[in-house]
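Spelled out from the first residue to the last, the chains are:
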Amino acid sequence: MELEDFELIYKENRWECKDKKKIEDKLRKIVGENNVSSKTIDLLAYTKDAALIGMNWTIQGTIAAKPDFIIWPDTIEQISDILKLSNQEKIPVTPYGEGSGVVGGAVPIYGGIIIDMKKFNKILEINDKNLTVTAQTGINGMNLERTLNSKGYTAGHIPQSIYISSLGGWISHRAAGQFSTKYGKIEDIVLGMEVVLPQGEIIDFKTIPRASTGPQLDKLFIGGEGTLGIITKATLKIWPFPEKRTLISYAFNSMEDSFEAIRQILRENIYPAVIRIYDHFETMRHFPDIENAKDKVMVIFVCEGNKKLVDLEESITREKSEKNSGIDCGEHPVEHWFETRFRVTETSAMPPYKIVFDTIEVASLWENAANIYHSVLESFKKLQGVIMITAHISHFYPNGVGIYFSFGGTPSKEETDFEYYQKCWNTVIKATLDAGGSIAHHHGIGINRSHWMEGEWGDGLNTLKEIKKLLDPNNILNPGKIYIDTWKGGEN
Ligand SMILES: Cc1cc2nc3c(=O)[nH]c(=O)nc-3n(C[C@H](O)[C@H](O)[C@H](O)COP(=O)(O)OP(=O)(O)OC[C@H]3O[C@@H](n4cnc5c(N)ncnc54)[C@H](O)[C@@H]3O)c2cc1C
């Protein structure tokens, strides 16, 4: 079967490759004979990312998009040369980490070249004095963390997708890990970066704990989603592997009580590494055997680090929890979370039954958090075909939270899975914006949220578009992501 035989979801304004052999020869000259492919079997592997609607499409025999070439460079000069060629020939280019993004960021919607970063997989330096690790950005997340662990360190960035995602993908989507309340999100962890700009220039930003040297240009690429540059190397903060870990759990009467307990803990400048609130529905699903949590809201905490600090964190966590209706549920719920925290089997069980399932994470200040949670649930329940809408909260700040909704439903006979999927997304996002929240906490914008960016940024979005035009006048680098922008590339 050829790729042409699959129906495409994104088929508008595709790049037309008039002379495939010419382009392929030029690419081979840059990256070497064996590092370019236009074989169907390879192209097929890069037609989607991990957005869950992709499974429904696969079952229906459709594919999201169709790249023309996959290349595997292994030097920064090669990446620079590829981007120069792409500008000359006006070819869209999509950087690709491990394809675990869930918003379509790495989907080549206009075709063209996929730059797979997997050969950029080396750890270049672990520096004990500075407490830093420098690595190439195609490195697999778990390979990085395991190497650090074996030498007595952690980077503290453990997303649920750590086995299937790369350092470059984390930076590009502004990822957040499960231990983020203590160690920070990726933007708190990255200290330095090397980036290839869309026209091929290379910037090696200095690694420094802080500097007062004008605006922080490097931050522009954190969350750039591969539209403003390709990140080839990054230096991250690391920490000595924690000396002590304490597992705590409490069941609360309501979401409001659990919010209040955690708000009060963080207000004391106390940062348990992991905090997770499960609403009543998720508590029932994940902890059915915990008697004290029946009909309640389960919260788990992991405090880790220096023993004396952990003991202090534990005592304040317990004090604030008990003051806000918390009932101690012991260590078992947290051990259960540790055992199951990378398991997502239920998501692939749904599409064969024509169920549309997905997750959406949004962000909020404390003052709007409870309202957003309830508004999203209420709005969503009004949709036809709803099977479930639940939430957990797993990222916290002294000022607010990231709320993670999971939903499932079945489309009517008149609508496609994709139309229903978009309706579900629009419902959650609209309710969030109306209640004062932000449309994305850590999965990024990609394609899924691009039409909401004006609602999120207002006129500020024009400035981002101007920056993009300046850096990428031919719009070759990951066009159509972050905001709606149609490929208008030229001839080749
Ligand atoms: C089961 C599951 C669990 C998940 N859990 C989490 C979680 O806990 N926390 C979280 O934050 N996310 C999570 N995600 C989402 C996803 O893993 C993250 O968005 C991750 O950061 C993507 O990394 P990747 O290497 O797979 O990137 P890809 O999907 O390959 O790419 C993502 C974006 O980054 C760009 N990109 C990739 N590499 C580079 C580079 N070197 N330079 C420039 N641009 C680049 C791509 O063009 C694309 O726009 C989860 C996803 C799944 C499927």
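It should be emphasised that the depicted structure is a prediction, and the values quoted were computed from it without experimental measurement. (Residues numbered from 1 in each chain as written. Predicted model: local features only at pLDDT ≥ 70, side-chain atom pairs only at ≥ 80, totals over all residues. Heavy atoms only, no water.)

So, about the nonpolar core. Leu-27, Ile-113, Ile-262, Ile-277, Phe-396 and Phe-405 are the most contacted members of the largest nonpolar core, which has 90 residues in total. When near neighbours in sequence (up to four residues on either side) are disregarded, Ile-277 contacts Met-255, Ser-258, Phe-259, Ile-262, Val-297, Met-298, Val-299, Ala-391, His-392, Ile-393 and Phe-396. By size, the runner-up hydrophobic cluster in this structure holds 45 residues, among which are Leu-144, Tyr-183, Met-298 and Val-334. (Core = buried A, V, L, I, M, F, W, Y, C linked by side-chain atoms within 4.5 Å. Buried < 20%, exposed > 50% of the residue type's maximum accessible area, 1.4 Å probe, protein only. Contact = heavy atoms within 4.5 Å.)

One can read the domain layout of the chain as domain 1 (3–118), domain 2 (123–240), domain 3 (244–340) and domain 4 (345–448). Centre-to-centre, using C-alpha coordinates, domain 1 lies 29 Å away from domain 4. At the junction of the two partners, domain 1 supplies 16 residues and domain 4 supplies 18 residues. With both sides pooled, the region where domain 1 packs onto domain 4 buries about 1,400 Å², and carbon together with sulfur makes up 69% of that total. Counting the surface domain 1 buries against domain 4, the share from its top three residues, Leu-52, Ile-53 and Val-103, is 41%. The interface formed by domain 1 and domain 4 holds zero salt bridges in total. Here the side of domain 1 that touches domain 4 is composed, by residue class, of twelve nonpolar, four polar and no charged. (Domains from an automatic or database assignment. Buried area = accessible area lost by both parts, 1.4 Å probe. Salt bridge = Lys/Arg side-chain N within 4 Å of Asp/Glu carboxyl O. Nonpolar A, V, L, I, M, F, W, Y, C, P; charged D, E, K, R; others polar.)

Positive phi is not limited to glycine here, since Asn-13 has a value of about 55 degrees. Along the polypeptide, Asn-13 turns up in the loop between strand E1 (7–8) and helix H1 (20–31). Even without being a glycine, Lys-90 presents a positive backbone phi close to 55 degrees. Counting through the fold element by element, Lys-90 comes out in the loop between helix H4 (76–89) and strand E5 (93–96). (Helix = DSSP H or I, 4+ residues; strand = E, 2+ residues; numbered from the N terminus.)

Turning our eyes to something else, we now look at the sheet that holds strand E4 (residues 69–71). Judged by pairing direction, the sheet is mixed, and its four strands sit side by side in the order E2-E4-E6-E5 without closing on themselves. Across the chains shown, the open sheet's two edge strands, defined by having one partner strand only, are strand E2 (36–37) and E5. Pairing of E4 with strand E6 (residues 113–116) involves three bridges; the strand directions are parallel. Each bridged residue has a counterpart across the sheet, and for Ile-71 the counterpart in E6 is Ile-115. Across the face of the sheet, H1 comes into contact with E2, E4 and E6 while running at roughly 0 degrees to E4. On the sheet, H4 packs against E4, E5 and E6 and is oriented at approximately 170 degrees with respect to E6. (Pairing = 2+ DSSP bridges. Axes fitted to C-alpha atoms, helices over the stretch in contact; angles between N-to-C directions.)

Let us now look at the packing of aromatic side chains. Under the defined criterion, the tally for this structure stands at 16 aromatic pairs. A ring pair is formed by Phe-380 and Phe-407, whose centres lie 5.2 Å apart and whose planes are at 40 degrees; its orientation type is tilted. One end of the pair, Phe-380, is in helix H14 (residues 366–381); the other, Phe-407, is in strand E20 (residues 400–409), and 27 residues separate them in sequence. You'll find Phe-380 and Phe-407 in the same group, each marked buried. (Phe/Tyr/Trp six-rings, centres within 6.5 Å; stacked < 30°, edge-to-face > 60°.)

Applying the stated criterion to the full structure yields 24 salt bridges. The closest approach of N and O atoms between Lys-423 and Glu-415, which form a salt bridge, is 3.1 Å. Among the residues examined, Lys-423 registers a relative accessible area of 34% and is labelled partly exposed.

Let us look at the site of the ligand. Taken together, 35 residues lie near the ligand, and Pro-95, Ser-100, Ser-161, Ser-166 and Ala-176 sit nearest. A distance of 2.8 Å is found between an oxygen atom of the ligand and a backbone nitrogen or oxygen belonging to Gly-99. Residue Ile-231 places a main-chain N or O atom 2.9 Å away from a nitrogen atom belonging to the ligand. Summarising the interface, the protein chains cover 94% of the accessible area of the ligand, which totals 980 Å² for the free molecule. It is helix H6 (residues 167–172) that contributes the most residues to the shell around the ligand, four residues altogether. (Near = heavy atom within 4 Å. Polar contact = N/O pair within 3.5 Å; in protein donor to acceptor, adjacent residues only side chain to side chain. Areas by Shrake-Rupley, 256 points an atom, 1.4 Å probe, with all protein chains shown as cover.)

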